[in-house]
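Inside the fold
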Amino acid sequence: MTIAVWAPLLLPLLAAPLARRLAEQLAPRAAALTLAATAVALGTATLASLALLAVTGLLHLPYGAALAHLSPAHWHPGEVPDLEWGPTAGLAAAALLAVAALAARTARHQYADLRRARTATGDGPAGLRALVRRPGPAVPALTVLTDERADAYALPGRPPRIVATTGMLAALTGPERTALLAHERAHLAGRHHLLLAAAEYAAACHPALRPLRTALGYHLERWADECAATEVGDRALTARAIGRAALAAARTAAPVRAHLTPAATSGPVPRRVRALLTTPAPTRPHPALRTLAALALAGCLTTTTCAAAEAGHDFHHAVETAQGDR
């Protein structure tokens, strides 16, 4: 287990850049799902590895072995001596506590941000809003906030809503507003906030996974861009709506918005507009590079998963042997 347990801690350093490179060669939806799945898989394996290191180190110590009723000579010959497991267990336990603290802080911030956003839309005592449209349970309502600052975003929850300020609606023409609202509906329909939340928790597990959060945000916006372009049937109109919305939002101080509320003005807007103005939808060059990156990423994820499983199996076998010896 000594070698296998370290693989999930080291392979994210290689797998995360590979996932980002592969995402650039995929369609927006496939790219976003690939990044989210990679982050969740690597983050879970990191947690399992840290837990195994902490528990194994604890059981190597005399007091830990006695507490678990294990034989003091239960580990296989050739493994790390008992006294050397103390620092390893301490570092692993400290890392687990740090991950728990970061995850708790992320959850607290997400909850507070969403609660503040819901309050601003009229679900609480504060906020000036007008419920413009509630066509049915399948289509999210549009809530317009009286605010000169230009902003629009998708607000998840029950019920889900599209929120736009009067400043944003005034900056766009009728067809452009239609494209913008289609973009925000795509965020809610695809449950993009769940993918963003998963990437944030994974980033708390391993520092190498933090860049995946930014990359995922971009590809989620591209996913919504393509959905909006398909719905309105005009890629140039969608690109113009996104560009004008971003310019309008840049003229005033941006309102405070929750991290889990995707918005059309997020990310590298010029790059998104350029992709929309490519007709038809931009093709993915370098198929050989895409295949190579996919194989390398699949190899990293498979190795990480197998290493974590092997380490867990070895730990279980060692504990059973120690209990039998006792």
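Residues numbered from 1 in each chain as written. Predicted model: local features only at pLDDT ≥ 70, side-chain atom pairs only at ≥ 80, totals over all residues. Heavy atoms only, no water.

Considerations on the nonpolar core
Judged by nonpolar contacts, the single largest core of 28 residues is most densely connected at Leu-35, Leu-195, Leu-209, Leu-212, Leu-216, Leu-220 and Leu-297. Of all elements in the fold, only helix 2 (12-23), helix 3 (28-60), helix 8 (192-205), helix 9 (210-232) and helix 12 (287-325) reach the threshold of two or more residues within this core. If near-sequence neighbours (up to four positions away) are discounted, Leu-35 is found in contact with Ala-19, Arg-20, Ala-23, Leu-212, Ala-215, Leu-216 and His-219. If you look at the next biggest cluster of nonpolar residues, it comprises 16 residues, including Leu-142, Met-168, Leu-181 and Ala-264. (Core = buried A, V, L, I, M, F, W, Y, C linked by side-chain atoms within 4.5 Å. Buried < 20%, exposed > 50% of the residue type's maximum accessible area, 1.4 Å probe, protein only. Helix = DSSP H or I, 4+ residues; strand = E, 2+ residues; numbered from the N terminus. Contact = heavy atoms within 4.5 Å.)

Focus: the environment of Thr-304
Relative to the helices and strands, Thr-304 is located in helix 12. Thr-304 sits 262 residues away from Leu-42 along the chain, and the two C-alpha atoms are 7.5 Å apart. With residues up to four places along the chain from it excluded, the contact list for Thr-304 reads Pro-8, Leu-11, Leu-42 and Ala-45.

Some points on helix 9
Three or four residues apart is the spacing at which side chains of an α-helix point the same way, because the helix has 3.6 residues per turn. Here helix 9 spans 34 Å end to end across 23 residues, near enough to the 33 Å set by a 1.5 Å rise per residue. Remark: Gly-233 follows helix 9 within two positions and exhibits a positive phi of approximately 75°. (Expected span 1.5 Å × (residues − 1).)

Digging into the confidence of the model for the protein
The share of residues in the protein with pLDDT of 70 or more is 76%, and the mean pLDDT across the chain is 80. Below pLDDT 50 for its whole length, residues 75-81 participates in eleven contacts with residues either more than four positions away or in separate chains. Every residue in residues 124-137 scores below 50 in pLDDT, and together they form 34 contacts with partners more than four places removed in sequence or on other chains. (pLDDT = per-residue confidence, 0-100.)

Details of a nonpolar patch on the surface
On the surface, Trp-6, Leu-10 and Leu-13 cluster together to form a nonpolar patch covering roughly 320 Å² of accessible area. Relative to the helices and strands, Trp-6 is located in the segment before helix 1 (7-10). A relative accessible area of 36% places Trp-6 in the partly exposed class. (Patch = residues over 30% accessible without salt bridge, like charges linked within 9 Å, V, L, I, M, F, W, Y side chains within 5 Å. Areas by Shrake-Rupley, 256 points an atom, 1.4 Å probe, with all protein chains shown as cover. Salt bridge = Lys/Arg side-chain N within 4 Å of Asp/Glu carboxyl O.)

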